[in-house]
Amino acid sequence: DDLAAQLTLMDQLVFRAIEPEELTSCSWNKKNKLDVAPNIVNLTRRFNHVSFWTVDEVLKGESPKQRGEIMAHFIRVAKVSIIDLWYAAGLCHFPT
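Each value, and the rule that gives it
- Residues numbered from 1 in each chain as written.
- Predicted model: local features only at pLDDT ≥ 70, side-chain atom pairs only at ≥ 80, totals over all residues.
- Heavy atoms only, no water.
- Salt bridge = Lys/Arg side-chain N within 4 Å of Asp/Glu carboxyl O.
- Helix = DSSP H or I, 4+ residues; strand = E, 2+ residues; numbered from the N terminus.
- Buried < 20%, exposed > 50% of the residue type's maximum accessible area, 1.4 Å probe, protein only.
- Phe/Tyr/Trp six-rings, centres within 6.5 Å; stacked < 30°, edge-to-face > 60°.
- Axes fitted to C-alpha atoms, helices over the stretch in contact; angles between N-to-C directions.
- Parallel < 35°, antiparallel > 145°, perpendicular 65-115°, else oblique.
- Contact = heavy atoms within 4.5 Å.
- Lys, Arg positive; Asp, Glu negative; His and termini not counted.
- Polar contact = N/O pair within 3.5 Å; in protein donor to acceptor, adjacent residues only side chain to side chain.

Digging into the pattern of salt bridges
Right, on to step 1. Per the stated rule, a full pass over the model turns up 3 salt bridges.
Right, on to step 2. Salt-bridge contacts for Asp 11 lead to Arg 46; the nearest nitrogen and oxygen are separated by 2.7 Å. With Asp 11 in helix α1 (residues 2-16) and Arg 46 in helix α4 (residues 38-59), this residue pair connects regions lying 35 residues apart in the sequence.
Right, on to step 3. Its relative accessible area of 12% is what places Arg 46 among the buried residues.
Right, on to step 4. Residue Asp 56 pairs with Lys 60 through a salt bridge whose shortest N-O separation is 3.8 Å.

Below, the structure written as structure tokens:
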């Protein structure tokens, strides 16, 4: 799915920019988070942007059935993005 691929490519850029120190220091919770954890802030903003966009698209459906179909589409996109593309790109790794 082209949409899933494009979303994954955009997410990859933001995700890979995160520095280990941003995670280990929990700096995204501090008042100066833009200075000490800019990449985590960017990832959070990206997540919120995509989430709000998805909600907006679902609510554009005129009937409950149409909204359900739109929601199902986004669930399929997310599944392709997370399972197929993120794992293929090596962004998700869970030690066994």
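Describing the packing of aromatic side chains
Right, on to step 1. In total, this model carries 1 aromatic pair according to the counting rule given.
Right, on to step 2. Consider the rings of Trp 53 and Phe 74, whose centres lie 5.2 Å apart with planes at 90°: the pair is edge-to-face. Taken together, the residues Trp 53 in helix α4 and Phe 74 in helix α5 (residues 64-89) connect sequence positions 21 residues apart.
Right, on to step 3. Residue class for Trp 53 comes out partly exposed when judged on its relative accessible area of 30%.
Right, on to step 4. Of the residues examined, Phe 74 reaches a relative accessible area of 13% and is grouped as buried.

Some thoughts on the packing of α1 against α4
Right, on to step 1. Relative orientation of the contacting elements α1 and α4 amounts to 160°, with a least axis distance of 9 Å. In terms of orientation, α1 and α4 fall into the roughly antiparallel class. Contacts between α1 and α4 involve Leu 3, Leu 7, Met 10, Asp 11, Val 14 and Phe 15 on the former and, on the latter, Asn 39, Asn 42, Leu 43, Arg 46, Val 50 and Trp 53.

Concerning the environment of Phe 47
Right, on to step 1. Mapping Phe 47 onto the fold places it in helix α4.
Right, on to step 2. Placed 36 residues apart in sequence, Phe 47 and Asp 11 show a C-alpha to C-alpha distance of 8.6 Å.

Quick look at the side chain of Glu 22
Right, on to step 1. Mapped onto the elements of the fold, Glu 22 is located in helix α2 (residues 20-24).
Right, on to step 2. It turns out Glu 22 is buried and unbridged, and the closest side chain with the opposite charge, Arg 45, is 11 Å from it.
Right, on to step 3. Among the polar contacts made by the side chain of Glu 22, one reaches the main-chain amide nitrogen of Ile 40 at a distance of 3.1 Å.
Right, on to step 4. Excluding residues within four positions of it along the chain, Glu 22 makes contact with Ala 17, Ser 27, Trp 28, Val 36, Ala 37, Pro 38, Asn 39 and Ile 40.

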